Amino acid sequence: MTTLFEPSPAMPSSNGQLASRQYGRWPDRLLGFSGILWFLAAAAGQWIFVYYVAASYLPALAQNGFPGLADTALPKGYVAGDLIGNLAIAFHVLIAIVIIGGGPLQLTPQIRSRFPAFHRYLGRAYMLTAAMTSAAGLHLVWTRGVPGGMVGHIAISLDAVLIWICAAIAIRFAVTRQIDRHRRWAMRLFMVASAVWFFRIGLMFWFMTTGGVGIDPETFEGPFLTFMYFAQMAIPLLVLQFYFQAQDSTGAGLKITAALVVLAATGVTVLGSFAATMGMWLPRL
Ligand code: HEM
């Protein structure tokens, strides 16, 4: 199985020595392997999240309409008389199934090469729905609020802006056929559009490993939460950037270091997904 996280071909060293090119092969393979492993862990974790989203919100909406959202985990899922807000939250959670379910499919090269029309179709749907649901999310944040006070409001609003920026740049490079640049911006978009999932697995990883240091369970505020509100976007983007730098580099040391960082991220992803599944998603179903 290969993914868009596979390595770029070993690049010649600056002095063109064949020996260093050969030396560079196994670090390249290690880097590619770490990327594939992380991608598989993330795809599995995201599809469990999608299962939870579909199983909680589809029946609630189908059986009781908007008022059904009052009995879900959403803090203010239903507000009587607020038609726009109720529409926004229903759209937001339903469209999440397309976005989170479709993201990993979009990053799988076998699907892209064997079914190019599907890739283009899903790609457009992914970018459009991510941009639209961010607008719906912004409306909800600033009318109904989110836990975490002003920091939470600002951080999640920043995520909406990042989603729009990454989607716009990814589309631009697709249109101008700059495919490598398009691929990298699409992967950045995947990271920021997955922030809602990163937040949950990061939080549950922290609870599992520290018991929740730096989190006030009453107010849902505290230093760790402040960190997490921004880390949900910053850490995935930084690790991805490091991975790109290592792919482009000729240095074996950088490739090995980046591979170790991605392997560590894979460990956190697996543990966090497990903790979120057992401690948050399954108990709500
Ligand atoms: C495009 C990526 C996004 C996806 C896939 C997504 C998905 C979701 C999902 C599945 C939930 C329900 C969570 C649960 O049951 O635990 C949720 C809740 C929510 N989302 Fe998003 N979201 C995205 C981006 C945003 C953005 C950018 C904002 C705001 C600017 C936002 C605002 C909210 C709000 C206010 C809630 C309800 C309160 C809460 O659970 O914190 N979302 N989102």
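Rules of the game
- Residues numbered from 1 in each chain as written.
- Predicted model: local features only at pLDDT ≥ 70, side-chain atom pairs only at ≥ 80, totals over all residues.
- Heavy atoms only, no water.
- Near = heavy atom within 4 Å.
- Polar contact = N/O pair within 3.5 Å; in protein donor to acceptor, adjacent residues only side chain to side chain.
- Helix = DSSP H or I, 4+ residues; strand = E, 2+ residues; numbered from the N terminus.
- Nonpolar A, V, L, I, M, F, W, Y, C, P; charged D, E, K, R; others polar.
- Expected span 1.5 Å × (residues − 1).
- Buried < 20%, exposed > 50% of the residue type's maximum accessible area, 1.4 Å probe, protein only.
- Salt bridge = Lys/Arg side-chain N within 4 Å of Asp/Glu carboxyl O.

A.B. asks: Looking at this structure, how should I read the site of the ligand?
C.D. replies: Neighbouring the ligand are 25 residues; Tyr-52, Tyr-57, His-92, Ala-193 and Arg-200 lie closest to it. The separation between an oxygen atom of the ligand and a polar side-chain atom of Tyr-52 is 2.6 Å. At the level of secondary structure, the elements contributing two or more residues to the shell around the ligand comprise helix H2 (25–64), helix H3 (83–106), helix H5 (116–144), helix H6 (149–175) and helix H8 (195–210). In terms of residue count, the dominant contributor to the shell around the ligand is H5 (six residues). Split into classes, the residues belonging to the shell around the ligand amount to 18 nonpolar, four polar and three charged.

A.B. asks: Can you walk me through H6 in this structure?
C.D. replies: Helical geometry note: an α-helix holds 3.6 residues per turn, so side chains three or four residues apart project in the same direction. Taking 1.5 Å per residue, 27 residues should reach 39 Å; H6 reaches 40 Å between its end C-alpha atoms and fits that length. Buried within H6 are the following residues: Gly-152, His-153, Ala-155, Ser-157, Asp-159, Ala-160, Ile-163, Cys-166, Ala-167, Ala-170 and Phe-173. Note on H6: the residue one or two positions beyond its end, Arg-177, has a positive phi of about 60 degrees.

A.B. asks: Is there a simple way to explain the pattern of salt bridges in this structure?
C.D. replies: Pairing is possible between side chains that carry opposite charge, provided their charged atoms lie close to one another. Per the stated rule, a full pass over the model turns up five salt bridges. Between Asp-28 and Lys-255 there is a salt bridge; the shortest N-O distance is 3.0 Å. Here Lys-255 lies in helix H10 (residues 252–284) and Asp-28 lies in helix H2, a separation of 227 residues in the sequence. Members of the salt-bridge network, linked through shared partners, are Asp-180, Arg-183, Arg-184 and Asp-248.

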